[in-house]
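# Coordinate analysis (summary)
So the chains spell out like this:
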Amino acid sequence: MLNIDKSVKFLDFGCSAGSSIAAMQNKFSVTGLGIDIDDQKLELARSKGLNAVNFDLINGVVPANSVEFVTMIHVLEHLNSIDEAARFITQGVRAATKFVFIRIPNFDVDGLLIKHGVKFYHSDWSGHRLHLSSLQLYLICVRALGRRNGEVLVGGRQLLSGRCKGIVPASAPRNLSKRDAEAFPAFDLNKIGVPVHKETFALIVLGNRQGYGPKLLRRMKVNPTDIRARHSNFSDVTPDQEV
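Quick caveat, the model's predicted, so the values are computed rather than measured. (Residues numbered from 1 in each chain as written. Predicted model: local features only at pLDDT ≥ 70, side-chain atom pairs only at ≥ 80, totals over all residues. Heavy atoms only, no water.)

### So, helix H5 (residues 134–145)
- Taking 1.5 Å per residue, 12 residues should reach 16 Å; H5 reaches 16 Å between its end C-alpha atoms and fits that length.
- Within H5, the full set of buried residues consists of Ser 134, Leu 137, Tyr 138, Ile 140, Cys 141, Val 142, Ala 144 and Leu 145.
- Those residues of H5 hidden inside the fold are in contact with helix H3 (82–95), strand S5 (96–105), strand S7 (150–160), strand S11 (196–206) and strand S12 (227–233).
- Gly 146, located one to two residues past H5, shows a positive phi value of around 60°. (Helix = DSSP H or I, 4+ residues; strand = E, 2+ residues; numbered from the N terminus. Expected span 1.5 Å × (residues − 1). Buried < 20%, exposed > 50% of the residue type's maximum accessible area, 1.4 Å probe, protein only. Contact = heavy atoms within 4.5 Å.)

Structural data, given as structure tokens:
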């Protein structure tokens, strides 16, 4: 069982070197705790004055209702299976009392891009073992919410348009850095014919907080108009508008 101090208000699953812990602490003015299994990255996080611990989220248990919210920023794609992703999200819903926020790279358009002989450079990283689609992420989140009061919102973040860097020839080497990927000529996204986002997001709102989701998304720099799928399960009580 993970030990969580009462001063901790959020957990950051897969915290790496701590950038997302720091970002959320600044955004919400509360104390967070990062969780990872890479000791070297945890040391980097601690060297910045951040709270971070080594804990196995697949086999361990996070206490129920122990924090206000949980974040998973670019971590699910590093897992080995959909079952592991479902375990992470279920653990987050168990621990949080207000919301769970998730961001992953957009893998939805990989099939369209390859038809034009190109790929997102991040779709060909050896560390990105799990290419979750928006639908897969949505269904996992809905199942994790279960019969609890709340809402699931899934969509795209950072709409790309025009000539876009970071989309490289399909034959380009694996594991390109962002800098190396952007050295390739920009790809004209108008050829795709559909909106293309850099990331996919999921927000699981917990409790009867009607109207809470879109307001929170704006704080997370997500345009609520980019919500593509919504599942709501609210009972008839006074909405909680706190963000």
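### A word on unusual backbone geometry
- Positive phi is not limited to glycine here, since Asn 65 has a value of about 50°.
- Tracing the backbone shows Asn 65 in the loop between strand S3 (52–54) and strand S4 (67–73).
- A relative accessible area of 51% means that Asn 65 is categorised as exposed.
- In this model, Asn 175 sits at a positive phi of 65°, which is unusual for a non-glycine residue.
- As for its placement among the helices and strands, Asn 175 is situated in the loop between strand S9 (167–169) and helix H6 (178–181).

### Regarding the confidence of the model for the protein
- This prediction gives the protein a mean pLDDT of 94; 97% of its residues lie at or above 70.
- Overall, residues 237–242 carries pLDDT values under 50, and its contacts beyond four positions in sequence, including any with other chains, amount to 14 contacts. (pLDDT = per-residue confidence, 0-100.)

### Brief notes about the nonpolar core
- Core analysis: the largest hydrophobic core is formed by 39 residues, its most contacted members being Leu 11, Met 72, Leu 76, Ile 89 and Ile 102.
- At seven residues, the largest contribution of residues to this core is made by H5.
- Ignoring anything within four residues of it in the chain, the contact list for Met 72 reads Asp 12, Phe 13, Phe 88, Ile 89, Gly 92, Val 100, Phe 101, Ile 102 and Arg 103.
- Counting 23 residues, the second largest nonpolar core, distinct from the first, contains Met 24, Ala 45, Phe 99 and Leu 153. (Core = buried A, V, L, I, M, F, W, Y, C linked by side-chain atoms within 4.5 Å.)

### Structural notes on the sheet that holds S7
- Read from one edge to the other, the open sheet built from eight strands follows the order S3-S2-S1-S4-S5-S11-S7-S12, with strand pairing classed as mixed. Each edge of the sheet is formed by a strand with only one pairing partner; in this case those strands are S3 and S12. Mean inter-strand twist for the sheet, computed between neighbouring axes without regard to direction, equals 20°.
- Pairing geometry for S5 and S11, over seven bridges, is antiparallel. Each residue of the ladder has a partner; that of Ile 102, found in S11, is Ala 202.
- The strands touched by H3 within the sheet are strand S1 (8–13), S4, S5 and S11, with S5 carrying the most contacts at an inclination of about 155°. (Pairing = 2+ DSSP bridges. Axes fitted to C-alpha atoms, helices over the stretch in contact; angles between N-to-C directions.)

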